[in-house]
Every structure is written in C-alpha cells, then in structure tokens.
Amino acid sequence: MAEGPDIARIAALIGDPARANMLLALLGGKALTATELAGAAGVTLQTASAHLAKLGDGGLLAQRKQGRHRYFALADDTVGAMVEGLMGFAASRGHLRHRTGPREPELRKARICYDHLAGDYGVRMLDSLVARGAIEVHDEALVLTEAGADAVIGFGIDLASLKSSRRPLCRSCLDWSERRSHMAGSLGKALLSLFLDAGLARREAGSRVVHFTPEGERRFALMFPSS
C-alpha cells in the first residue's frame with residue numbers, strides 16, 4: 001500500500017460534477033445555504049446535503065450557523081487556490097465548458113477568486129507590481145520587496161497587521177481565464193478591499209463578476225500602470 005497524502009480521495013470529492021459546481025459557487029467567497037448550493041449543482045436538496053457532508057468530511061468545506069440557518073463556505077483560502085488552480089490547468093489543456101451570454105467577457109475582465117482579484121485585472125495588478133520591483137517572483141513564490149512595502153503602505157494598507165497574520169502575505173494563483181498568475185494571500189485580499197470598501201468597485205449580485213466604476217478604472221490604472 002502506498003504511503004503519503006491520499007490525493008485520490010480529494011480527487012474523487014472534486015471529480016463529481018455536482019460537488020465541483022458547489023465548490024465553484026463558493027469560490028466567490030460568500031457563504032451559501034444548502035438550498036442555494038443545490039440550485040448551483042442542479043440537484044435536489046436531499047442530494048445536495050449528502051454531497052455537502054462528504055465535502056465537509058474531506059476538509060473542503062466549513063459550516064456556519066446563524067439562528068436556524070446553516071451556511072457553507074470553503075474551509076480556507078488553500079481550498080480556493082486548489083480549485084482555481086484546477087480551473088487554470090483544465091483551461092490550459094483545452095477542457096472548457098462553453099457558455100454563451102453577455103456576462104462571460106465581464107467574468108474574464110475582473111472577478112472574485114475566493115477573496116482576491118482575478119481575471120485580466122488580477123493579472124495586470126500582479127504584472128504591474130512585478131514590473132515596478134514591488135514584487136519579486138521566485139519560481140511560483142511571490143516576495144514583497146522593500147520598495148513594495150513602501151508602495152503598499154502608500155496605498156493605505158496596514159502592512160504590519162497583514163504580516164502578523166498566519167496567512168501567507170502574497171502567493172501566486174493560476175488564473176483560469178488568462179492562464180497566467182494573479183496574486184492571492186492577505187495582500188491580494190487587501191488590495192481588492194481598497195476598491196470595494198471605497199465604492200470604486202462592486203460585486204455583481206449572484207455572480208463572481210467585479211465591476212469597477214469610471215473612477216475605479218482611473219485609480220486602478222494609476223496604481224497599477226501597464227508596462
């Protein structure tokens with residue numbers, strides 16, 4: 001018997017189409033009810049409950065109770081990174097589910113990946129930080145430089161608080177639509193929050209799409225200029 005991590009169990013959990021659709025629905029970072037996840041998966045509530053129990057036992061989901069209601073969310077950001085990474089890998093091999101409609105270009109432009117910015121804008125953000133010397137790339141690892149620390153503080157982000165967290169400050173996350181990397185980690189979350197909290201960007205209801213206001217577009221271009 002082979003020793004080591006049981007990747008087959010995790011693969012089997014994600015490999016079921018209904019469970020995969022549930023994880024994709026939760027990739028938006030919001031906690032959802034079993035009824036909402038049943039709708040996302042296209043299954044009955046009873047079937048959804050069985051799937052959710054398996055995902056919970058596998059360490060992929062966490063439950064939150066509020067009054068009589070139970071909400072489900074991804075267990076942590078590493079689960080989100082794994083799912084987004086699988087999406088990038090599938091896209092790079094040509095395994096795509098083609099869906100038509102006007103929302104697809106917006107999803108590719110800017111979207112939520114668990115709690116940070118993905119899509120064209122997410123990749124542009126990381127590219128700009130690398131080009132200005134704020135982020136150094138070592139293989140797949142991202143390192144914030146001294147110049148980058150000054151820039152982040154200049155943006156109004158409490159860098160000391162981010163560094164004191166047990167969560168990685170910044171890390172690479174493969175973007176499924178751009179097939180390149182965007183930035184995850186506590187810094188990736190903080191940079192997106194700058195725009196959301198200031199009303200310069202907003203999430204589309206029921207979607208992972210992020211819409212920037214005209215002023216948000218201008219501020220984004222100033223903070224993360226293209227090389």
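The present account deals with the structure reproduced in this document. Being a predicted model, the structure only gives us computed values, none of them experimental. (Residues numbered from 1 in each chain as written. Predicted model: local features only at pLDDT ≥ 70, side-chain atom pairs only at ≥ 80, totals over all residues. Heavy atoms only, no water.)

Thoughts on the nonpolar core
Note the following rule: Side-chain atoms within 4.5 Å are what join buried Ala, Val, Leu, Ile, Met, Phe, Trp, Tyr and Cys residues into a set we call a nonpolar core. Only protein chains enter the calculation, and the probe is 1.4 Å; a residue is then buried if its accessible area is under 20% of its type maximum, exposed if over 50%, and partly exposed in between. Numbering of helices and strands runs from the N terminus; a helix is a DSSP stretch of H or I covering at least four residues, while a strand is a stretch of E covering at least two. Residue contacts follow a heavy-atom distance rule, with two residues in contact if any of their heavy atoms lie within 4.5 Å.
Membership of the largest hydrophobic core comes to 31 residues, with the highest contact counts inside it found for Met-183, Leu-187 and Phe-212. Broken down by secondary-structure element, the contributors of at least two residues to this core are helix 7 (120-131), strand 7 (141-144), helix 8 (146-154), helix 9 (159-164), helix 10 (185-197), strand 11 (210-212) and helix 11 (214-223). The dominant element in this core, judged by the number of residues it contributes, is helix 10, at 5 residues. When neighbours within four sequence positions are excluded, Met-183 is seen to be in contact with His-116, Leu-117, Leu-126, Leu-129, Ile-135, Leu-142, Cys-170, Arg-171, Gly-188 and Leu-191. Membership of the second largest hydrophobic core comes to 24 residues, among which are Leu-26, Leu-55, Leu-74 and Tyr-114.

As for the layout of surface pockets
Formally: Buriedness for pockets is judged along seven lines, at least five of which must meet protein on both sides within 12 Å for an open set on the 1 Å grid over protein atoms alone, while cavities are sets there where a 1.4 Å probe fits but cannot get out, and lining residues have an atom within 4 Å of a point. Grid points are joined across faces, edges and corners, and a volume is the space filled by probe spheres set on the points. Residue polarity is assigned by list, with Asp, Glu, Lys and Arg as charged and Ala, Val, Leu, Ile, Met, Phe, Trp, Tyr, Cys and Pro as nonpolar; anything else, Gly included, falls into the polar class.
Estimated volume of the second largest pocket: approximately 220 Å³. Every residue lining the second largest pocket is counted, 13 residues in all, and those nearest its centre are Gly-28, Gly-29, Tyr-114, Asp-115 and Lys-189. Elements with a contribution of two residues or more to the lining of the second largest pocket: strand 3 (69-74) and helix 10. Here the lining of the second largest pocket gets 4 residues from one element, more than from any other, and that element is helix 10. Of the residues assigned to the lining of the second largest pocket, the class counts are 6 nonpolar, 3 polar and 4 charged.

Digging into the packing of helix 3 (residues 34-41) against helix 4 (residues 45-57)
Threshold: To obtain each axis, a line is fitted to C-alpha atoms, and for helices this fit is confined to the stretch in contact; angles are then taken between N-to-C directions over 0 to 180 degrees. Angle categories are assigned with fixed cut-offs, so that under 35 degrees is roughly parallel, over 145 is roughly antiparallel, 65 to 115 is roughly perpendicular, and the rest are oblique.
Running from N to C, helix 3 and helix 4 cross one another at 100 degrees; their axes reach a closest spacing of 9 Å. By the criterion of interaxial angle, the relationship of helix 3 to helix 4 is roughly perpendicular. On the side of helix 3, the interface is formed by Ala-34, Thr-35, Leu-37 and Ala-38, while helix 4 contributes Leu-45, Ala-48 and Leu-52. Here the residues of the contact of helix 3 with helix 4 are counted per class, giving 6 nonpolar, 1 polar and no charged.

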